[in-house]
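Architecture at a glance
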Amino acid sequence: MTERIVLAYSGGLDTSVAIGWIHEATGADVIACAVDVGQGGEDLEVIRQRALDCGAVEAYVADARDEFASEYCMPALKANALYMDAYPVVSALSRPVIAKHLVKAAKKYGASAVAHGCTGKGNDQVRFEVSITSLAPNLQCIAPVRDLALTRDKAIDYAEKNNLPITTTKHNPFSIDQNVWGRAIETGFLEDIWNEPTKDVYNYTDDPAFPPVADEVVLTFDHGIPVAIDGRAVSPLEAIQEMNRRAGAQGIGRIDIVEDRLVGIKSREIYEAPGAMALIEAHRELERVTLEREQGRFKREVQDRWTDLVYDGQWFSHLKRSLEAFIEDTQRYVSGDVRMRLHGGRATVTGRRSDASLYDFNLATYDEGDTFDQSHAKGFIEIYGLASKQATARDEKFGNGPSLEPDEASAFGKE
Ligand code: ARG
């Protein structure tokens, strides 16, 4: 029987050409696999037909939008996932769900290998391949752009020579990856890291410099997940979509960073993630209200590690699963409402309420009749500062007491 290879298919030029390219290089039949993660654009049926017209023997298409929102974006929200404190891991989240469907398709059609269109310089190749082999250790992975020398110019030649039903003329200056959690834009003039992004870079967000009137929104969370907006019940997918619209209109969630790739390269990336950034802001505030202090502190370490693992392509790793058990436990009381004002590029929390709140008005108030016994503070501070006090007393005994003068050596302008 002829070998079969499942190809991650976007419907674009490179992967359309890859169908015939892989067949010619390996002799295998190619099965195209297209997954909708909310990237918008063409209908899945149009993409399916194009795959078949380009020579795929089968086409597997999946609407994975709800799956992606619930099983990938929601864990990222619970983890407040921001790689390098900035990037809401947009592309890193979609690769594992696409990989899962690639593996499903490979099993369904008895394929021995899976192919994707990534280059050899990015994170996405790592995420696809590590995800695929973590789910199916016996599958082979190939990347025609990286392994079979499929360059863009060759792709255009090939498509024209073979009359493939795909436009080859439109030259997009950027490399774009998008899904419902956000949008990533790179390459072109953005590779000069001093160049300011031009207006045409953005698509999910309007210019925050000219915002419409402020938009007030109330988000209701249950166990860390948004379940209603302004009192209307929403699914995770609907919550993200609605917040993309409303926060996007206010220009919220534009990010411009130089980022450390897993493969050692620093790269300039522009992101737009209006819904994700607004949801994370709200979720974090609700955690500030409902998490016990030490639990919240430790969670920050755990969620940063979780985020790094996800960025690095370890979605299906055992450590990530274990960290998730901790994160899940912290979400037990992350339920309640957060009110936000969306305006001019910012999502600002203006109110919060929760039945599980740890905020105690009677403890916090400076009004008469508070329940906090201030006489206990004196003894607490005595003991809390004791170790440092003892050590300084010892230092003084040896003539090394702390100086109260400005540090001459480090003063500005001095060598
Ligand atoms: N650098 C980002 C990441 O690694 C975005 C990658 C986007 N991919 C693309 N083909 N534009 O997650």
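Relevant structure appears above.
So, a few notes on the structure that sits alongside this text. (Residues numbered from 1 in each chain as written. Predicted model: local features only at pLDDT ≥ 70, side-chain atom pairs only at ≥ 80, totals over all residues. Heavy atoms only, no water.)

Examining the pattern of salt bridges
When charged atoms on two side chains of opposite charge get close, those side chains can pair. Counting across every chain of the model gives 31 salt bridges. Residue glutamate 272 pairs with arginine 183 through a salt bridge whose shortest N-O separation is 2.7 Å. Of this pair, glutamate 272 sits in strand β12 (residues 266-272) while arginine 183 sits in strand β7 (residues 182-186), and the two are 89 residues apart along the sequence. Assigned by exposure class, glutamate 272 and arginine 183 land together as buried. Of the charged contacts in the structure, one is a salt bridge between arginine 332 and aspartate 329, with a shortest N-O distance of 3.5 Å. (Salt bridge = Lys/Arg side-chain N within 4 Å of Asp/Glu carboxyl O. Helix = DSSP H or I, 4+ residues; strand = E, 2+ residues; numbered from the N terminus. Buried < 20%, exposed > 50% of the residue type's maximum accessible area, 1.4 Å probe, protein only.)

Section: the packing of helix α1 (residues 13-26) against helix α7 (residues 152-161)
Where α1 meets α7, the axes come as close as 9 Å, and the angle between the chain directions of the two elements is 80°. The pairing of α1 with α7 is recorded here as roughly perpendicular in orientation. Contacts from Leu13, Asp14, Val17, Gly20, Trp21 and Glu24 in α1 reach Arg152, Lys154, Ala155, Ile156, Tyr158 and Ala159 in α7. In terms of residue class, the contact of α1 with α7 is made up of seven nonpolar, one polar and four charged. (Axes fitted to C-alpha atoms, helices over the stretch in contact; angles between N-to-C directions. Parallel < 35°, antiparallel > 145°, perpendicular 65-115°, else oblique. Contact = heavy atoms within 4.5 Å. Nonpolar A, V, L, I, M, F, W, Y, C, P; charged D, E, K, R; others polar.)

Here's the deal with a nonpolar patch on the surface
Taken together, the side chains of Phe380, Ile381 and Tyr384 make up a nonpolar region of the molecular surface, amounting to roughly 410 Å² of accessible area. Relative to the helices and strands, isoleucine 381 resides in helix α13 (residues 375-384). The exposed category is assigned to isoleucine 381, whose relative accessible area is 54%. (Patch = residues over 30% accessible without salt bridge, like charges linked within 9 Å, V, L, I, M, F, W, Y side chains within 5 Å. Areas by Shrake-Rupley, 256 points an atom, 1.4 Å probe, with all protein chains shown as cover.)

Things to note about helix α5 (residues 124-135)
Its twelve residues give α5 an end-to-end C-alpha distance of 16 Å, which sits within 8% of 16 Å, the value for a rise of 1.5 Å per residue. Along α5, the residues that are buried comprise Asp124, Gln125, Arg127, Phe128, Glu129, Ser131 and Ile132. Looking at the buried side of α5, the elements it contacts are α4 (90-109), β4 (113-115), β5 (140-142), α6 (144-147) and α10 (293-311). (Expected span 1.5 Å × (residues − 1).)

Remarks on unusual backbone geometry
The phi torsion at valine 89 lies on the positive side, around 45°, for a residue other than glycine. Positionally, valine 89 belongs in the loop between α3 (65-78) and α4. Unusually for a residue other than glycine, threonine 187 sits at a positive phi of about 70°.

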